[in-house]
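# Geometric and topological summary
In case you want the letters, here they are:
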Amino acid sequence: MQFFEFSVACKYLMPRWRQLSVSIISLISILVISLVVWLIVVFFSVTHGLEKNWVQKLIALTAPIRITPTEDYYNSYYYQIDGVSADSDYTLKSFKEKLAAEKPDPYDPTFDEEIPSHWVIPDLDQSGELKDIVKIAFNEVEKIKDVSITDYEMTFGNIRLRLLRDIPKNYVNDWVPGDAQNQSFLKQSAYFGSFDSDNALLKKALIPINAEDITNLLNTLTLSSDNIQHDNPDTIMRLDNAVASQKIHDLLKFIDVKTLKAPSHGWTIPRELFPDACSFEGCLIMNHGRIDKLVIPQNKSTVQQFAKEIEEYGSPAFPVTLRVEKKQFIAAVNGEDTLLQESVPIVLEGGTLLSAQHDKQTPASTCRACDLVFDIEFDLQNNHLSGKTPLNNLEIADAAVASIFSASDTATPFWLYQAVDSSGKEHLFIPSDVDIGESVLLPRSFREAGILVGDRGYLSYYSPTASSVQEQRIPVAVAGFYDPGIMPLGGKLILANDEVTSFIRSSQSQEESALTNGFNVRFDNLDRADEIKASLSKAFEKAGISRYWKIETYREFEFTKDIIQQLHSEKNLFSLLAIVIIVVACSNIISMLIILVNDKKLEIGILRSMGASSTSIALIFGLCGVIMGLLGSVTGIGLAVFTLRNLQSLVSLLSELQGHEMFNPAFYGDILPNEVSFEALGFVIIMTAVVSTIAGIVPAVKACLLRPSEILRSE
């Protein structure tokens, strides 16, 4: 019987010329529902992805749960006893040192000074031993399944980076003495945080190194750090030739150069690259009546314009035809042939790309990047040039960079990389090099300020001595960049290896902030945060250490609380608006079905007279409403999936039409999330089904109340 009612409902909804008005209204109703569903699914999928990305960026430098010491911890006997014990070198210990300590109480009453009377009484366990507060907390976290814990340290100081960049040149003025470079410095106060190699969320925040970074690395890798710590180093000191050569060849193991690029002021083409019997259109640059150089643009059609641009630099330039005949280079100017001497450089237009491959036969003794040899080939004005050439001042335009290694590999790159252990788990590592210094990971703001991978400098901090406070410096090199998102401290938080952070922090007061030392608790499913916090709170209370620790989920962090609350408030508001929109869209079903009931009165009367119950009649029109809602939902979901798959193309088109980025990358990322939200799918399917069912009730009730005798008598 139910199949009969379903078939009748489908028959009523089929478009027919005889019921054109009903068909048009039903199609419009389905179309409106489809558009609403499309809009809701796309909007909620993008916002859900953005919220997920923002949360991940907010906790990329911390963790979903953070455990920090309270004031009771710093006032405890357990913490303070290290400061008066010889076994602890009279030094207050960090969590890492506490975990590595053999015993919680290093105090020796026969040797160490007397304990101050105002200290808090030691917190002892049932056996009468001092509670190891840190180890107990650490062990309780490790008992929870699929949860990891690592300690972190944070401190502060200054960073000063030395930027060596090529002196700006042009086609007329391109000569500089030796390897002279512009020297500038960037100095900033910063926070230093310990780098966690197991932080999976940090991987998503990393900014890939580019060709400009590789070029800078090649140029700075052979520099010595001996004078990096000088405030104003006068000279550019380099490593020993043997060491420099090894560094360069180590770097080439991890990069595969595919394309080189001529610098902005052009590149002198070695004459042996030119094929015989070829010709080019170019510009002859004169200097005090003599031929200075000949510049060949990429296209013949741009020669005249190119000559005008060169004249703006203050030297005359003339269009010229260059012929290569039997290894001789002849320039035809105003119909007269002039033989170009070997001393006259033939320059390729800046920005021209050259396919390249590193020559494996490059001598192992090469200690300068400019001496590296490459096999290159490129097309220039319909002529093919190829051969070997030293790198000289060519720039890297494209290179494949290795970033994933095995834990057993002994050779590692000079930038942040991943290593896979025997179990298949990936770990992040920051390299450390004796000749270069400690590596650091900088936030995006430093890259935007012109810093590149390979730039060198030092971290400075102040350490108290017996008589004064002295500045200490640690040589560092930039190993990569990360996107801090909207984290308040992100723009000033520099990540370094644990040893560096611990070393700096040990010279400063540890009680100034509870955030300087703590535990990060990580797990994959963020929805477990409250559950895990409750378990830890219960375990800490049972162990008698709850007063020493503050446990916070990412929703409670001072710098995330307001943002996450706002995100949830907006999500709830948008959900309410979506419900209202769906109700309005589905209300068209009521109008359409009422018209359909009036149109099918005769058929209703016939069905009732043949024995159909009022419930069956109501079910027919109720099914009509449900079918229309489901058709609209399926169509809208299909459109939404198609839109999300092509979202970036759509955003690019809209950005181009309005003349600027439609979505600011600083807030929305470089690419909008385009994964379909199953939460949004469930929401629209359930809501459209419920609302369309409710919308079909009114016409269904009207239809079932019609009396067959009155219908047939009126007809």
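This text follows the structure it describes.
Calculation notes
Residues numbered from 1 in each chain as written. Predicted model: local features only at pLDDT ≥ 70, side-chain atom pairs only at ≥ 80, totals over all residues. Heavy atoms only, no water. Pairing = 2+ DSSP bridges. Helix = DSSP H or I, 4+ residues; strand = E, 2+ residues; numbered from the N terminus. Contact = heavy atoms within 4.5 Å. Axes fitted to C-alpha atoms, helices over the stretch in contact; angles between N-to-C directions. Parallel < 35°, antiparallel > 145°, perpendicular 65-115°, else oblique. Left-handed = near helix turned anticlockwise from the far one by under 90°. Nonpolar A, V, L, I, M, F, W, Y, C, P; charged D, E, K, R; others polar. Buried < 20%, exposed > 50% of the residue type's maximum accessible area, 1.4 Å probe, protein only. Polar contact = N/O pair within 3.5 Å; in protein donor to acceptor, adjacent residues only side chain to side chain. Core = buried A, V, L, I, M, F, W, Y, C linked by side-chain atoms within 4.5 Å. Salt bridge = Lys/Arg side-chain N within 4 Å of Asp/Glu carboxyl O.

Moving on to the sheet that holds strand β7 (residues 278-287). Overall, mixed pairing links the seven strands, which are arranged β6-β12-β8-β7-β9-β10-β11 in an open sheet. The open sheet has two edge strands with one neighbour each: β6 (267-268) and β11 (336-339). With eight bridges joining them, β7 and strand β9 (residues 317-325) adopt antiparallel strand pairing. Residue pairing across strands places S279 opposite R323, the latter belonging to β9. Helix α10 (residues 303-311) contacts β7, β8 (290-296) and β9 of the sheet and is inclined by roughly 20 degrees relative to β7.

The next subject is the packing of helix α6 (residues 133-142) against helix α13 (residues 529-543). Between α6 and α13, the least distance of the axes is 10 Å, while the angle of their chain directions is 140 degrees. Taken together, α6 and α13 sit at an angle that is classed as oblique. For α6 against α13, the interelement crossing comes out right-handed. Along the contact surface, α6 presents I136, A137, E140 and V141, while α13 presents L536, A539, F540 and A543. In terms of residue class, the contact of α6 with α13 is made up of seven nonpolar, no polar and one charged.

Side chains three or four residues apart in an α-helix point the same way, a direct result of the helix having 3.6 residues per turn. For helix α8 (residues 211-220), the buried fraction is high: eight of the 10 residues fall into the buried class. The N-cap residue of α8 is N210: its side-chain oxygen and the backbone nitrogen of E212 are 3.1 Å apart.

Within the secondary structure, E395 is located in strand β16 (residues 395-401). Once residues within four sequence positions are removed from consideration, E395 is found in contact with T215, T259, L260, K261 and P263.

Our focus in this paragraph is the nonpolar core. In terms of nonpolar packing, the biggest core is built from 76 residues, with W267, W415 and L442 touching the most fellow members. It is strand β23 (residues 469-482) that contributes the most residues to this core, five residues altogether. With residues near it in sequence (within four places) discarded, W267 still touches A262, L273, I346, V347, L348, L354, I376, F378, T389, N393 and L394. In terms of nonpolar packing, the next biggest core, distinct from the first, is built from 39 residues, W119, F138, F540 and I551 among them.

Our focus in this paragraph is the pattern of salt bridges. Summed over the entire model, instances satisfying the criterion amount to 25 salt bridges. In this structure, the salt-bridge partner of D82 is K98, at a minimum N-O distance of 2.6 Å. Pair noted here: D82 is in the loop between α4 (77-80) and α5 (95-100) and K98 is in helix α5, with a separation of 16 residues, a long-range link. Summarising the burial analysis for this pair, D82 and K98 share the class buried.

On to the side chain of D123. Of note, D123 is situated in the loop between α5 and α6. Setting aside residues no more than four positions away along its own chain, D123 makes contact with E129, L130, K131, G544, R547 and Y548.

Before going further, it helps to spend a moment on unusual backbone geometry. The backbone phi angle of N382 is positive, close to 65 degrees, even though this residue is not glycine. Even without being a glycine, N392 presents a positive backbone phi close to 50 degrees. Mapping N392 onto the fold places it in the loop between β15 (383-390) and β16.

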